[in-house]
Amino acid sequence: MPMYEHVFLARQDLSQSQVDALAQEATKIVEANEGKVVLTETWGLRTLAYKVQKNRKAHYVMLRLDAPTNVIAELERQTRINEDIIRFLTIRVDEHEEGPSVMMRKPERDTRRGGGDRPDRPRRDRDDS
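These figures come from a predicted structure and were not determined experimentally.

**With respect to the pairing of strand β1 (residues 3-11)**
The side chains of a regular strand alternate, first on one face of the sheet and then on the other.
Phase 1 of the analysis: With seven of nine residues buried, β1 is to be regarded as a mostly interior element.
Phase 2 of the analysis: Note: β1 against strand β3 (residues 55-66), nine bridges, orientation antiparallel. Of the residues in β3, the one forming a bridge with V7 is M62.
Phase 3 of the analysis: By the bridge criterion, eight bridges tie β1 to strand β4 (residues 85-93) in an arrangement that is antiparallel. Counterpart to E5 in the pairing with β4 is I91.

See below:
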């Protein structure tokens, strides 16, 4: 069965329980049509790069799916109708990543000395001026 990742952005004024309900609705659509939701991740409320339908922020949710093409078409149709979802994107993937997505991983720390200063320059404190 083909594998997909479906990400949607929900309006900023929704509560977390409403966002979870949207994810649950998407899961019901997929499972009712013989698909399978492998993983549901809520990335939280994040700032958008630009306003989308007068929203500066949005709740991000990602679903990893194993589903036939007709299920994805129905999911996208229902998502398009829903007024609480301002954007969505579904992509087909060859295989699902193991573990959490990139958005859920802790940021990798800079291993260079001085907390990000250039190693070829001596470090100066502001007090030394």
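**Observations concerning the side chain of T27**
Phase 1 of the analysis: Tracing the backbone through its elements, the reader meets T27 in helix α1 (residues 16-32).
Phase 2 of the analysis: For T27, a relative accessible area of 10% puts it in the buried group.
Phase 3 of the analysis: Filtering out sequence-adjacent residues up to four positions away, T27 remains in contact with V37, T40 and L63.

**Here's the deal with the pattern of salt bridges**
Phase 1 of the analysis: Throughout the structure, instances matching the rule amount to four salt bridges.
Phase 2 of the analysis: Here R64 ties to E5 by a salt bridge, and the two come within 3.9 Å at their closest N and O atoms. One end of the pair, R64, is in strand β3; the other, E5, is in strand β1, with 59 residues separating them in the sequence. Note on accessibility: R64 and E5 belong to one class, buried.
Phase 3 of the analysis: Across the salt bridge formed by E74 and R77, the nearest N and O atoms sit 3.0 Å from each other. One end of the pair is E74 and the other is R77, both in helix α2 (residues 69-81) and three residues apart, which spans about a single turn.
Phase 4 of the analysis: What makes E74 partly exposed here is its relative accessible area of 24%.

Cut-off values and rules
Residues numbered from 1 in each chain as written. Predicted model: local features only at pLDDT ≥ 70, side-chain atom pairs only at ≥ 80, totals over all residues. Heavy atoms only, no water. Buried < 20%, exposed > 50% of the residue type's maximum accessible area, 1.4 Å probe, protein only. Helix = DSSP H or I, 4+ residues; strand = E, 2+ residues; numbered from the N terminus. Pairing = 2+ DSSP bridges. Contact = heavy atoms within 4.5 Å. Salt bridge = Lys/Arg side-chain N within 4 Å of Asp/Glu carboxyl O.

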